[in-house]
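# Results of the structural survey
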Amino acid sequence: MKARRGGVHKADSVSLHFQNASVDCSLNFYSEESGKYIESLGADPIPVVFKVAYDNNGKPTGALLVRIGDWDAKKFLPNERLLATTEQMQPDAPAANAKLNSPGGCFEPVANR
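The structure contained in this document is the topic of the report that follows. (Residues numbered from 1 in each chain as written. Predicted model: local features only at pLDDT ≥ 70, side-chain atom pairs only at ≥ 80, totals over all residues. Heavy atoms only, no water.)

Here the focus is the packing of aromatic side chains. Inspection of the entire model under this criterion finds six aromatic pairs. Between the aromatic rings of F18 and F107, the centroid separation amounts to 6.2 Å while the plane-to-plane angle is 55°, which identifies the pairing as tilted. With F18 in strand β2 (residues 14-20) and F107 in the segment after β7 (84-87), the pair connects residues that are 89 residues apart, well separated along the chain. Overall, F18 belongs to the partly exposed group, its relative accessible area being 22%. (Phe/Tyr/Trp six-rings, centres within 6.5 Å; stacked < 30°, edge-to-face > 60°. Helix = DSSP H or I, 4+ residues; strand = E, 2+ residues; numbered from the N terminus. Buried < 20%, exposed > 50% of the residue type's maximum accessible area, 1.4 Å probe, protein only.)

This is the structure we're talking about:
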């Protein structure tokens, strides 16, 4: 994931992002300690580990943050462990047909289990 400074809710917040097709997947950090840690990891991609749950058809149904860099997820505030998804809409696509798949849009399906 790549770090970004600034956010919708707080100009001095820090977030991590990765893209999967048209879906932007992000973790948002609000505490000063978390923000400083993320920024200390530098501009290179930051290793982030999720435990992803899949349904019987191999569709991703949930994601639990495990670790960012060397920090266990427990070091982050509960709301900083939530994976946010934003999907870029096409101007000519009707909004009524839009279907958000959160957090499934961030992860590829797997073969039937």
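A separate point is the state of the cysteines. Under the defined criterion, the tally for this structure stands at one disulfide. The disulfide that involves C25 links it to C106, with 2.0 Å between the sulfurs. Linking C25 and C106, the disulfide has an S-S dihedral of approximately -110° and is accordingly described as left-handed. Highlighted residues: C25 in strand β3 (residues 23-29) and C106 in the segment after β7, separated in sequence by 81 residues. (Disulfide = S-S within 2.5 Å.)

What follows concerns the side chain of N20. With respect to the element layout, N20 can be found in strand β2. Polar contacts involving the side chain of N20 include one to the main-chain carbonyl oxygen of C106, which spans 3.4 Å. Among the polar contacts made by the side chain of N20, one reaches the side chain of E108 at a distance of 3.2 Å. Those residues within four positions of N20 in sequence are excluded, and the remaining contacts are G105, C106, F107 and E108. (Polar contact = N/O pair within 3.5 Å; in protein donor to acceptor, adjacent residues only side chain to side chain. Contact = heavy atoms within 4.5 Å.)

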